[in-house]
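Chain by chain, the residues run as shown.
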Amino acid sequence: MHLVPDNYATHKTPAVRTWIVAHPRFHLRFTPTGSSWPNLVERWFAELTNTQIRRGVHKSVQTLEKDIRDWIATWNTGPRPYAWAKTADEILERLAGYEQDS
């Protein structure tokens, strides 16, 4: 199983490092600090939570698992790349405005 931790130091604590060594099935995969990829993953899980889990009625763990798998299968029928709404220059310009205000 591949785990993509955030860039905080939680995965570097002695307790977590010991657990990872004791569970070789798990592999940590890291992304660069400031990467937008974890944000997209979090957004995907938020979509799953908001559209399927919170709105569903799950009478058993098996029903919940089936509903999640069905939702994922439906999601995957129309994959599309993420399209940024702003250019890098627009984002940097906006950030510069925040720096001037502080």
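About the criteria used
Residues numbered from 1 in each chain as written. Predicted model: local features only at pLDDT ≥ 70, side-chain atom pairs only at ≥ 80, totals over all residues. Heavy atoms only, no water. Helix = DSSP H or I, 4+ residues; strand = E, 2+ residues; numbered from the N terminus. Buried < 20%, exposed > 50% of the residue type's maximum accessible area, 1.4 Å probe, protein only. Contact = heavy atoms within 4.5 Å. Areas by Shrake-Rupley, 256 points an atom, 1.4 Å probe, with all protein chains shown as cover. Salt bridge = Lys/Arg side-chain N within 4 Å of Asp/Glu carboxyl O. 1 Å grid on protein atoms, 1.4 Å probe; cavity = no way out; pocket = protein on both sides within 12 Å on 5 of 7 lines; lining within 4 Å. Points joined across faces, edges and corners; volume = space filled by probe spheres on them. Nonpolar A, V, L, I, M, F, W, Y, C, P; charged D, E, K, R; others polar. Lys, Arg positive; Asp, Glu negative; His and termini not counted. pLDDT = per-residue confidence, 0-100.

Visitor: Which residues make up the overall build of the protein, and what are the values?
Guide: A count of helices and strands for the protein gives four helices and two strands. Listed by position from the N terminus, the elements making up the protein come as β-α-β-α-α-α. Every one of the 102 residues in the protein was classed for burial, and the buried ones make up 11%. Considering only residue pairs separated by 6 or more positions, the protein has 50% of its internal contacts joining residues 24 or more positions apart. Carbon and sulfur atoms make up 58% of the accessible area of the protein, which amounts to about 8900 Å² in all.

Visitor: So what's going on with the pattern of salt bridges? Which residues, and what values?
Guide: Pairing between side chains becomes possible if they bear opposite charge and their charged atoms approach one another. Tallied over the full model, the rule gives two salt bridges. Among the salt bridges present, the one from Arg43 reaches Glu47, with a minimum N-O distance of 3.1 Å. Placement of both Arg43 and Glu47 in helix α2 (residues 37-53) is noted, with a separation of four residues, approximately one turn of the helix. One salt bridge connects Lys66 with Asp70, and the closest N-O pair in it is separated by 2.6 Å. Residue Lys66 and its partner Asp70 are both found in helix α3 (residues 61-75); the two are separated by four residues, about one turn of the helix. Given a relative accessible area of 49%, Lys66 falls into the partly exposed group. By relative accessible area, which is 35% here, Asp70 ends up partly exposed.

Visitor: Help me get a handle on the layout of surface pockets, residues and values and all.
Guide: Taken as a whole, the largest pocket spans an internal volume of roughly 390 Å³. Along the walls of the largest pocket sit 13 residues, with Leu40, Trp44, Trp75, Arg80 and Tyr82 positioned nearest its centre. When residues in the lining of the largest pocket are grouped by element, the largest group, five residues, is from α2. Residue classes in the lining of the largest pocket are distributed as eight nonpolar, two polar and three charged.

Visitor: Which residues make up the side chain of Asp67, and what values go with them?
Guide: Inspection of the secondary structure puts Asp67 in helix α3. At 5.2 Å, Lys66 is the nearest oppositely charged side chain to Asp67, a buried residue that forms no salt bridge. Other than its neighbours up to four places away in sequence, Asp67 contacts Gln52 and His58.

Visitor: Now, about the confidence of the model for the protein: what can you tell me, with residues and values included?
Guide: Predicted coordinates in areas of low pLDDT are best not read in detail. Averaged over the protein, the pLDDT score is 82; the fraction of residues at 70 or greater is 87%. Looking across the protein, the model is least confident in helix α4 (residues 88-101), with a mean pLDDT of 76, and most confident in α3, with 93.

Visitor: Can you explain the side chain of Gln52? Please cite residues and give values.
Guide: The residue Gln52 is located in helix α2 in this model. Exposure remark for Gln52: the relative accessible area of 17% places this residue in the buried category.

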